[in-house]
Structure formats: C-alpha cells, structure tokens
Amino acid sequence: MRVVRLLRLRAALTLLREVPRRLASRGVPGSRRTQKGSGTRWEEEKREDGVKWRQLEHKGPYFAPPYEPLPDGVCFFYDGKPMRLSVKAEEVATFYGRMLDHEYTTKEVFRKNFFNDWRKEMTVEEREVIKSLDKCDFTEIHRYFVDKAAARKVLTREEKQKLKEEAEKLQQEFGYCILDGHREKIGNFKTEPPGLFRGRGDHPKMGMLKRRVMPEDVVINCSRDSKIPKPPAGHQWKEVRSDNTVMWLAAWTESIQNTIKYVMLNPCSKLKGEKAWQKFETARRLRGFVDEIRSQYQADWKSQEMKTRQRAVALYFIDKGEAADTVGCCSLRVEHVQLHPEADGCQHVVEFDFLGKDSIRYYNRVPVEKPVYKNLQLFMKNKDPQDDLFDRLTTTSLNKHLHELMDGLTAKVFRTYNASVTLQEQLRALTRAEDSIAAKILSYNRANRAVAILCNHQRATSSTFEKSMQNLQTKIQVKKEQVAEARAELRKARAEHKAQGDGKSRSVLEKKRRLLEKLQEQLAWLSVQATDKEENKQVALNTSKLNYLDPRISIAWCKRFRVPVEKIYSKTQRERFAWALAMGGEDFEF
DNA sequence: ATACGGACTTAGTACTTATACT
DNA sequence: AGTATAAGTACTAAGTCCGTAT
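Residues numbered from 1 in each chain as written. Chains lettered and ligands numbered in written order. Predicted model: local features only at pLDDT ≥ 70, side-chain atom pairs only at ≥ 80, totals over all residues. Heavy atoms only, no water.

An unreviewed UniProt entry annotates chain A as DNA topoisomerase I of Macaca nemestrina. What UniProt records for chain A under Subunit (unreviewed entry) is the sentence "Monomer. Interacts with ERCC6. Interacts with TPRN; TPRN interacts with a number of DNA damage response proteins, is recruited to sites of DNA damage and may play a role in DNA damage repair." The heading Catalytic activity (unreviewed entry) in the UniProt record of chain A holds the text "ATP-independent breakage of single-stranded DNA, followed by passage and rejoining." (UniProt positions renumbered as here; feature names shortened; annotations may be inferred.)

Now the structure itself:
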C-alpha cells in the first residue's frame with residue numbers, strides 16, 4: 001500500500017523533473033566573496049588545514065543519575081513467588097519491566113539477549129533460582145513505572161516550573177563550552193543512560209544490556225591551558241587529551257557494538273555551521289562537473305573492462321538516487337534487483353527491493369537506458385541470489401574514481417546535489433507570486449516532499465493519523481457552513497443597502513463583506529492543511545530539510561515571495577541555519 | 001588489496017512543549 | 001483551568017568516508 005503510493009508520487013515527480021531547466025547564473029563556486037557579508041561570527045580568519053579549534057573548554061559530560069532501588073511495595077515474582085533482587089539484578093529487571101508493553105519484549109531474540117545479559121548481573125543465588133524468563137513476572141515493576149509517568153503528568157504548575165528550571169540550570173552548567181572565545185552550545189552533553197539495546201530492523205543484538213557509562217570510560221578532549229573538567233567525586237577520567245584536529249569534547253566506547261560515542265557541538269554552533277556550508281558548496285561545485293561526469297559514465301557502459309562497466313552502472317544508480325551511497329550501491333546483491341523487459345508500459349524496467357539504512361525498505365521500479373539493462377543482465381549471469389551484483393567493484397575503488405572526477409566528490413555529494421537542485425526546480429515550478437501565503441507554504445511543502453520521496457525518507461503512519469484527519473475534516477465542514485451563512489447574510493445586507501441607501505446599512509454591508517472574506521480565507525487554509533497532511537502521511541520531511549537542502553535556497557525563496565522565514569524554519573532550525581540567514585541573498589542560486 | 005577503527009553525518013522515533021479547544 | 005492535539009526537540013542507532021594497519 002505504502003509502496004504503491006510512493007511509486008505514484010515518484011512517477012509524478014519524474015514528470016515534474018522534466019520541466020526545462022532555466023540556466024541559472026551564480027557566483028564563483030565556493031567563493032565567500034559572492035555572499036553578502038554580515039557580522040563577524042561567520043567571517044573569522046581561517047584556521048590551518050585540519051585544525052578545528054585553538055581553545056576548547058567545557059565541564060565534561062553530565063552523567064545519568066544513579067539507580068534508585070524500587071520501593072518496598074514493588075516486587076518481582078519468580079514462578080509465582082515474590083523475590084527480592086540484588087540491586088544490580090533489580091536495576092536490569094527494571095529496564096525490562098518498563099518495556100513490558102513494547103513490541104520488543106515479544107521478540108525471541110530480544111528476550112534471549114536480555115535474559116542472557118541479565119543473568120550475568122545476578123548473584124550466584126539468584127542465578128540458581130531464575131532459570132527461565134517465562135517464569136518471571138515483572139508486572140508490578142511495570143505498573144510502578146506507568147504510575148510514575150502518570151504522576152509526572154499531573155504535577156502542579158509550580159512543580160513543573162521547578163523541574164524546568166532545574167533542567168535549564170543543568171543546560172547552563174554542562175550544555176555549553178568555550179570554543180575559541182565563543183560560548184557554544186553542545187549537542188549531547190548527557191551520557192546515554194543504561195538500558196536495553198533497541199536495534200532497528202531485526203538486529204541480532206537487540207535486548208542486550210547497554211552498560212552504564214562511568215567517568216573511567218570517558219576520554220576528555222580540551223585545550224591544555226583550559227580549566228580541565230573535574231570528574232565526579234571519587235572518580236577519574238579514562239584520559240584527558242588535547243587534540244585540536246577533532247570536534248569532539250568527550251568520548252567513550254559503548255558496550256554493545258564496541259564503537260565510540262562522542263559528545264559534540266550542537267548544529268547551531270559555528271563549527272558545525274561552517275561544515276554544513278562547506279558541504280553545500282561542494283555540492284554546488286558538482287553542478288559544473290555533472291554533465292561531463294554523466295556523459296563519461298554513459299560512455300563507460302560500453303567499456304571493454306568489466307570493472308569499468310560495473311563502476312559506470314553503479315555511478316548511474318548513485319546519480320539517479322537508486323542507491324544512497326557507495327557502500328549501499330557496492331553491496332547490492334543479485335537478489336535485490338529484478339529485470340523486466342517490459343513493465344508499466346515502459347521498456348527495460350529495473351525493480352529494486354532491499355532494506356536500506358534503519359531497515360527501511362527501498363522499493364522502486366525504474367525504466368533504465370538499454371545499455372544499463374543489458375549490463376545488468378550480464379552482471380547477474382551465472383550468479384546466486386546472494387552474490388554481489390557488482391563483484392568487481394569496491395567502495396574504495398569507486399570513491400577513488402569519484403575523487404578523480406572532482407575534488408571532494410563522494411557518493412554523498414550526489415545526494416545533496418540532487419536534493420537541492422530538485423528543491424530549487426520544484427519551487428520554481430510550483431510557486432505563483434499571486435498566491436496567498438498559505439498556498440505558497442503548501443507549494444514549499446510539496447517541493448520539500450518531492451525531495452523526501454526522492455531520498456526515500458519514510459516514516460510510520462502515526463497511530464492518530466485517521467483521527468486527526470477526521471477532526472480536520474469536521475472543522476472544514478463547520479467552516480463551510482459558516483461561509484455559506486456569511487454569504488447569505490451578505491446578500492441580505494446588500495439588498496438592505498440597496499433599499500435604504502444610507503450610511504448605516506453601508507457599514508453593515510462592509511462588515512459582512514469582511515467577515516465573509518475572513519471566513520473564506522480560513523477555509524482555504526484549512527483545506528490546504530488537509531491536503532498537506534494527507535500527502536505527508538508517510539513521508540518524513542525533516543531529514544532532507546535538515547541535511548540535504550541548501551538553506552539558502554529556502555531563504556531566497558522566502559524573500560522573493562514575501563513568506564516569513566519562520567513559516568518554513570522553526571526556531572532551532574533558524575539557529576542551525578544562522579550562517580545562511582546571515583548571508584541574506586534574495587537572488588541566491590544553488 | 002583488504003580490514004578495521006575513528007570521526008562525523010544522517011535517520012527515524014520517543015518524548016516534551018506549545019497551542020487550540022471546551 | 002484542564003485536556004487533546006500538533007509541533008518541535010532530544011535521543012541514539014546506523015550510516016559514510018577516510019586513514020592506517022595488516
């Protein structure tokens with residue numbers, strides 16, 4: 001169902017993309033001089049290559065609060081009998097107990113991993129008794145946490161205010177650092193609390209215990225001459241170092257996959273902003289190379305060398321957005337594609353069906369050029385379903401090739417480029433200057449949506465969707481009736497004025513006219529909302545908005561069409577894109 | 001050549017806060 | 001004032017890509 005819908009939207013998008021592209025003029029790629037200067041924050045002197053800061057000072061991460069044992073009245077039962085657990089075992093039991101109503105706890109892998117790790121936390125005696133998860137009864141524990149959550153909801157205004165102030169105090173103390181003399185916001189200043197690992201898709205490690213992070217696990221990164229953060233009383237840092245070629249302030253190794261987690265700056269920080277800007281400048285630079293690159297890989301479809309052919313087809317997929325990246329593309333297996341000589345009235349159709357990032361399904365049927373089709377037939381010949389489609393291709397060799405085509409070019413750049421170009425084209429095609437603000441916003445969201453569909457950014461239909469749609473429809477109905485009523489009254493007032501011809505009846509007439517206008521406007525806005533909502537059901541806009549769309553495109557559009565930028569970007573989004581807002585640029589072209 | 005680890009970006013969902021409604 | 005819903009933010013898993021070790 002969802003797939004079919006997305007397919008339809010994709011088809012529509014493909015049509016829209018055929019709109020002839022107006023040749024855009026723009027400044028020197030990558031040049032800062034092309035932007036309007038504004039204030040000092042984005043225009044400080046450059047650091048030498050690879051150096052991220054000269055001064056870095058912070059308080060270290062804020063640690064998750066220690067475990068609070070359950071009150072006496074809350075008990076765990078084994079095989080129907082109450083059982084008092086040791087603190088360590090109890091803590092892990094609460095991780096499971098609070099998830100009891102979650103689907104995870106029905107999954108065999110999750111249960112097995114949890115039980116296995118839980119037993120490691122038990123005392124010898126406990127391990128002797130607790131041998132089967134099926135005999136464990138966590139319901140009291142579960143109820144305890146449900147009640148606790150409910151209690152939080154009904155706090156008085158004052159109590160809530162107090163909690164808010166405490167959070168704010170914490171944010172002020174731990175949530176900022178000093179970087180090269182500027183106070184910058186940190187992204188994640190709290191260590192991740194212990195709990196049960198929730199992998200996405202059918203992750204083999206789901207349910208495993210994610211250990212509590214201790215100061216002894218944490219490496220601190222700060223400048224030598226800064227105030228070195230103090231570890232919590234009675235504890236030590238694993239290490240304190242001063243590496244100004246990296247952006248992280250603290251790091252630790254997590255216990256599930258043995259990978260490093262970092263404390264980094266918030267996206268609104270100058271450093272992150274500069275990186276994002278740089279990213280978009282690289283993508284803009286691709287504009288000047290993309291025609292050449294395309295004709296080159298098309299020529300390579302007929303190369304003598306198998307490796308070159310595979311690379312050329314892979315690159316075509318990356319460019320077309322059928323694969324997000326080199327890794328995804330290079331690891332495409334025979335079982336992920338199906339070839340149809342003819343489908344949906346098109347020739348040479350490739351059907352993709354595979355799980356991408358976060359186990360999100362990518363399904364698409366696309367007509368491809370004949371040589372691509374022929375090549376795929378060749379690549380699939382005499383292979384098992386599990387074999388690599390591009391067996392002669394590695395991520396390293398493909399990326400190396402990309403670097404030769406353009407400095408700084410990677411597969412990711414194509415995504416950014418295609419997303420931003422699509423937004424710009426769509427905005428051009430959809431926006432009408434004479435439209436109301438509401439209609440313009442709908443156009444913007446549609447353009448954004450086109451990109452999100454292109455990038456396969458999906459979301460689960462919210463459980464309350466049907467209900468809230470119903471509510472909206474009811475509102476529209478009510479508004480329609482109000483409009484009808486206002487129209488009738490206007491008619492009456494007009495007749496009255498015609499008969500009387502006096503000032504009083506004229507002012508009544510004016511008032512009725514204004515009322516009708518206002519109601520019609522409200523109705524228009526409501527129906528725009530309804531359309532937007534329906535189209536947005538299973539498409540997530542934020543990922544592309546935050547990561548792939550050059551904000552300068554949106555800002556220029558807002559200025560050109562007199563749409564307040566707050567209608568497009570929320571407060572934090574405006575902070576994240578402060579660098580772009582500072583540049584102004586009504587006539588920015590990507 | 002390949003594997004692996006480190007650093008940084010991207011991703012969907014869970015949770016919180018603001019706003020609309022009664 | 002209290003509640004329902006929408007909007008916005010926080011969280012953390014899962015990617016990419018690079019450099020280095022094997």
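**Student:** Describe the pattern of salt bridges, and please don't skip the residues or the numbers.
**Tutor:** All chains considered together, the criterion is met by 32 salt bridges. Measuring nitrogen to oxygen at the nearest pair gives 3.3 Å for the salt bridge that ties D344 to R365. Here D344, found in the loop between β13 (337-343) and β14 (346-355), pairs with R365, found in strand β15 (residues 361-367); they are 21 residues apart in sequence, far enough to count as distant. Look at D344 and you get exposed, because its relative accessible area is 57%. For R365, a relative accessible area of 24% corresponds to the partly exposed category. Within the structure, one salt-bridge network assembled from shared partners comprises E281, R284, D550 and R552. (Salt bridge = Lys/Arg side-chain N within 4 Å of Asp/Glu carboxyl O. Helix = DSSP H or I, 4+ residues; strand = E, 2+ residues; numbered from the N terminus. Buried < 20%, exposed > 50% of the residue type's maximum accessible area, 1.4 Å probe, protein only.)

**Student:** Give me the sheet that holds strand β1 (residues 56-57): which residues, what numbers.
**Tutor:** Across the sheet, three strands lie side by side as β1-β5-β6; this open sheet has antiparallel pairing. Every interior strand has two partners, whereas the edge strands, β1 and β6 (182-185), have only one. (Pairing = 2+ DSSP bridges.)

**Student:** Which residues make up the protein's contact with DNA strand B, and what are the values?
**Tutor:** In the neighbourhood of DNA strand B, 27 residues make up the surrounding shell, with K272, K357, R415, T543 and Y548 lying closest. Each atom of DNA strand B within 4 Å of the protein was assigned to sugar, phosphate or base; sugar and phosphate come to 89%. At 3.4 Å from a phosphate oxygen of DNA strand B is found a main-chain nitrogen or oxygen belonging to A460. A distance of 3.1 Å separates a phosphate oxygen of DNA strand B from a polar side-chain atom of Y548. Put simply, the parts of the chain that give the surface near DNA strand B at least two residues each are β12 (260-263), α7 (270-300), α12 (411-430) and α16 (542-547). The element best represented in the surface near DNA strand B is α7, accounting for three residues. Residues belonging to the surface near DNA strand B are distributed by class as follows: nine nonpolar, eight polar and 10 charged. (Near = heavy atom within 4 Å. Polar contact = N/O pair within 3.5 Å; in protein donor to acceptor, adjacent residues only side chain to side chain. Nonpolar A, V, L, I, M, F, W, Y, C, P; charged D, E, K, R; others polar.)

**Student:** Provide a residue-level description of the pairing of β12, including the pertinent values.
**Tutor:** For strand β11 (residues 250-253) and β12, the ladder comprises four bridges, and the chain directions are antiparallel. Pairing of A251 across the sheet is with Y262, part of β12. A loop of six residues connects β11 with β12, the two strands running antiparallel in sequence, and N258 in this loop sits at a positive phi of about 60 degrees.

**Student:** Describe the domain arrangement of chain A, and please don't skip the residues or the numbers.
**Tutor:** Annotation of chain A at the domain level lists domain 1 (56-62 + 175-266), domain 2 (76-153) and domain 3 (272-405). Its C-alpha centre places domain 1 at a distance of 29 Å from the equivalent point of domain 2. With 14 residues of domain 1 in contact, the opposing surface of domain 2 contributes 14 residues. Here domain 1 and domain 2 share an interface that buries about 1,200 Å² over both sides, 66% of which is from carbon and sulfur atoms. Among the residues domain 1 hides against domain 2, the three largest losses belong to L196, M206 and L209. Together they make up 49% of the total. Across the domain 1-domain 2 interface, the total number found is one salt bridge. With a closest N to O distance of 3.0 Å, E91 and R212 form a salt bridge. One can count six residue pairs in polar contact (both at pLDDT 80 or more) joining domain 1 with domain 2. (Domains from an automatic or database assignment. Contact = heavy atoms within 4.5 Å. Buried area = accessible area lost by both parts, 1.4 Å probe.)

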